[in-house]
Amino acid sequence: MSNRKDDHISLALNQKFINNDFDHVRFVPESLCYTDCSSVDISVNFFDRKLLSPIYINAMSGGSLKSLEVNKKLAKLSKACGFPIATGSISAAIKNEKWKNSFSIVREINRDGLIFANIGITKNFNNVLKAIDILKADAIQIHLNAAQEIIMPEGDRFFSFSKEKIKEITSKIKIPVIVKEVGFGMSKESVSMLYDLGVRNIDISGKGGTNFIKIENHRRETRLESFENHGFSTVESLLDLKNINKKQLNIFASGGIRDAYDIVKALALGAKLVGMSGYFLKLVEENSLEEAIKKAKNLIEDVKNIMAVLNAKSIEELKSKKLIFNQKLLNFINQRKNSH
Ligand SMILES: Cc1cc2nc3c(=O)[nH]c(=O)nc-3n(C[C@H](O)[C@H](O)[C@H](O)COP(=O)(O)O)c2cc1C
């Protein structure tokens, strides 16, 4: 399992986020800018906290020596920038105690931070409790990754208990539960099903960035390349959920977020928080920690500055700004208009 995590890290570092659906979304420009950059407030009240920005470091690391080092850097970055942070799946530490520290180090470094534990839907309820305990987690992410598992040579093949498991977790766990994808997006049908099972926080983690079918294809003998196109992009998922109208439902956007402009677009499309994995992995692996922190702080400033150009002083105001979509996305919107 620790080798698998190292494979994932090195293969993810080699994936390039070049074009994705965020390029097909534009704002109607407001040439007469009447908003000072310093007047833009992107703080978010969430899980009983006031976050400085809606940006969080999404699940990746832990379960090997290499990933211990990555988690140390990510934890320092999250502390310096006030970002919530999720670790990678804690199942490695549950299988082998020696990897516990590669996860708990995040709490040791960022004592007061908002920290999410992470575990797969196929793991049993006791393991969910262990994952929360190892990190003293503020919230738990449950990842759904059947599309990845079936390509992974050693992946899970039993999924029939998923609904019961989600129900058990949402009814018994006292901290917030976030159900997340791992880069294949979510439809409104999936989100409605999860909502009915008690889930109120959903990370749609869509296509457009790290592609785990591609990563697992590199780890198996016969590749299933056409399947790499499976799923909804992050933009498509957000569009699909635009009018879902469910009380107390928080949608987090992640998957292929490349820069501040993508963050602004994801927020305008309805995201409460915006997560980045591949971006932060590259940031801490390709820069000194000081440089990485500086660039992450610039990212926050860039979000505010772009919002000023759009005359949006808050995320709420940003959500009312007009957007233009290209033909490909219009086609998607039309086909999904009448689906339930
Ligand atoms: C190296 C690496 C390891 C990951 N491990 C996990 C994991 O253990 N659990 C999980 O839910 N998602 C995991 N992910 C998926 C991310 O949380 C995210 O959903 C996905 O990478 C899409 O975001 P991105 O395009 O910003 O990378 C991992 C991603 C990367 C890059």
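Data block above holds the structure.
Residues numbered from 1 in each chain as written. Predicted model: local features only at pLDDT ≥ 70, side-chain atom pairs only at ≥ 80, totals over all residues. Heavy atoms only, no water.

**Q** Sorry if this is basic, but what is going on with the site of the ligand here?
**A** Inspection of the region around the ligand gives 24 residues, with Ala-59, Ser-89, Ser-205, Thr-210 and Gly-256 positioned closest. Between the ligand and Ala-59, the relevant distance is 2.7 Å, taken from an oxygen atom to a main-chain nitrogen or oxygen of the residue. Within the side chain of Ser-205, an N or O atom sits 2.5 Å from an oxygen atom of the ligand. Out of a free accessible area of 610 Å², the ligand has 97% covered by protein chains. A total of 4 residues in the shell around the ligand trace back to one element, the largest contributor, which is helix H1 (residues 2-14). Of the residues in the shell around the ligand, the class split is 8 nonpolar, 13 polar and 3 charged. (Near = heavy atom within 4 Å. Polar contact = N/O pair within 3.5 Å; in protein donor to acceptor, adjacent residues only side chain to side chain. Areas by Shrake-Rupley, 256 points an atom, 1.4 Å probe, with all protein chains shown as cover. Helix = DSSP H or I, 4+ residues; strand = E, 2+ residues; numbered from the N terminus. Nonpolar A, V, L, I, M, F, W, Y, C, P; charged D, E, K, R; others polar.)

**Q** I keep staring at helix H12 (residues 278-286) and nothing clicks. Help me out?
**A** Owing to its 3.6 residues per turn, the α-helix brings residues three or four apart onto one side. Counting buried positions along H12 gives 7 out of 9 residues, so the element sits mostly inside the fold. Every buried residue of H12 is listed here: Gly-278, Tyr-279, Phe-280, Leu-281, Lys-282, Leu-283 and Val-284. (Buried < 20%, exposed > 50% of the residue type's maximum accessible area, 1.4 Å probe, protein only.)

**Q** Which parts of the structure should I look at to understand the pairing of strand S8 (residues 177-180)?
**A** Consecutive residues of a regular strand have side chains that alternate between opposite faces of the sheet. Alternating residues of S8 divide into Val-177 and Val-179 and Ile-178 and Lys-180, and every residue in both groups is buried. With 4 bridges joining them, strand S7 (residues 139-143) and S8 adopt parallel strand pairing. Within S8, the residue paired with Ile-140 across the bridge is Val-177. Bridge analysis of S8 against strand S9 (residues 201-203) gives 3 bridges, and the strand direction is parallel. Residue pairing in the sheet places Lys-180 in a bridge with Asp-203 of S9. (Pairing = 2+ DSSP bridges.)

**Q** Is there a simple way to explain the pattern of salt bridges in this structure?
**A** Close approach of charged atoms allows side chains of opposite charge to pair. Summed over the entire model, instances satisfying the criterion amount to 20 salt bridges. Of the charged contacts, one joins Glu-285 and Lys-73 as a salt bridge, the two residues approaching to 2.7 Å between their closest N and O atoms. Note that Glu-285 is positioned in helix H12 and Lys-73 in helix H2 (residues 65-81), a separation of 212 residues in sequence. We note a salt bridge from Glu-189 to Arg-336, for which the minimum N-O separation is 2.5 Å. Of the two residues, Glu-189 sits in helix H8 (residues 188-196) while Arg-336 sits in helix H15 (residues 327-336), which places them 147 residues apart along the sequence. If you follow the salt bridges from partner to partner, you end up with Arg-4, Asp-7, Glu-154, Glu-216 and Arg-219 in one network. (Salt bridge = Lys/Arg side-chain N within 4 Å of Asp/Glu carboxyl O.)

**Q** How should unusual backbone geometry be read in this particular structure?
**A** Among all residues save glycine, negative phi is the norm, and among peptide bonds the norm is trans. Even without being glycine, Phe-47 reaches a positive phi, approximately 45 degrees. Phi at Asn-311 is positive, roughly 55 degrees, even though this residue is not glycine. Structurally, Asn-311 can be placed in the loop between helix H13 (289-309) and helix H14 (315-318). Given a relative accessible area of 3%, Asn-311 falls into the buried group.

**Q** What exactly am I supposed to notice about the pairing of S7 here?
**A** Across the 5 residues that make up S7, a large majority, 5, are buried. Alignment of strand S6 (residues 115-120) against S7, held across 5 bridges, turns out to be parallel. What sits directly across from Ile-119, in S7, is Ile-142.

**Q** I'm lost on the nonpolar core in this one. Help?
**A** Across soluble globular proteins, nonpolar side chains have a tendency to be buried as a group. Counting residues in each nonpolar core, the largest one holds 113 residues, and the members touching the most others are Leu-77, Ile-140, Ile-142 and Phe-280. Here the element with the most residues in this core is H13; it accounts for 8 residues. Excluding residues that lie within four positions of it along the chain, Leu-77 makes contacts with Ile-57, Phe-280, Leu-283, Val-284, Ala-292, Ile-293 and Ala-296. (Core = buried A, V, L, I, M, F, W, Y, C linked by side-chain atoms within 4.5 Å. Contact = heavy atoms within 4.5 Å.)

**Q** For this particular structure, what's the right way to read the packing of H2 against helix H4 (residues 100-109)?
**A** For any two helices packed against each other, one specifies the crossing angle of their axes together with the interaxial distance. As a packed pair, H2 and H4 sit with axes 9 Å apart at the nearest point and diverge in direction by 20 degrees. Classified by the angle between their axes, H2 and H4 sit roughly parallel to one another. At the point where H2 passes H4, the crossing takes the right-handed sense. Contacts between H2 and H4 involve Leu-68, Asn-71, Lys-72, Ala-75, Lys-76 and Lys-79 from the first element and Asn-101, Ser-102, Phe-103, Ile-105, Val-106 and Ile-109 from the second. In terms of residue class, the contact of H2 with H4 is built from 6 nonpolar, 3 polar and 3 charged. (Axes fitted to C-alpha atoms, helices over the stretch in contact; angles between N-to-C directions. Parallel < 35°, antiparallel > 145°, perpendicular 65-115°, else oblique. Left-handed = near helix turned anticlockwise from the far one by under 90°.)

**Q** Can you walk me through the side chain of Glu-228 in this structure?
**A** As for its placement among the helices and strands, Glu-228 is situated in the loop between helix H9 (212-218) and helix H10 (234-240). The charged side chain of Glu-228 is buried without a salt bridge, its nearest counter-charge being Lys-214 at 4.3 Å. Setting aside chain neighbours within four positions, we find Glu-228 in contact with Asn-211, Ile-213, Lys-214 and Asn-217. (Lys, Arg positive; Asp, Glu negative; His and termini not counted.)

**Q** How should I be thinking about the environment of Ile-300 in this particular structure?
**A** Its location among the elements puts Ile-300 in helix H13. When the C-alpha atoms of Ile-300 and Asn-243 are compared, they prove to be 28 Å apart, with 57 residues separating the residues in sequence. Those residues in contact with Ile-300 that sit more than four places away from it in its chain are Ile-42, Ser-53, Ile-55, Cys-81 and Phe-83.

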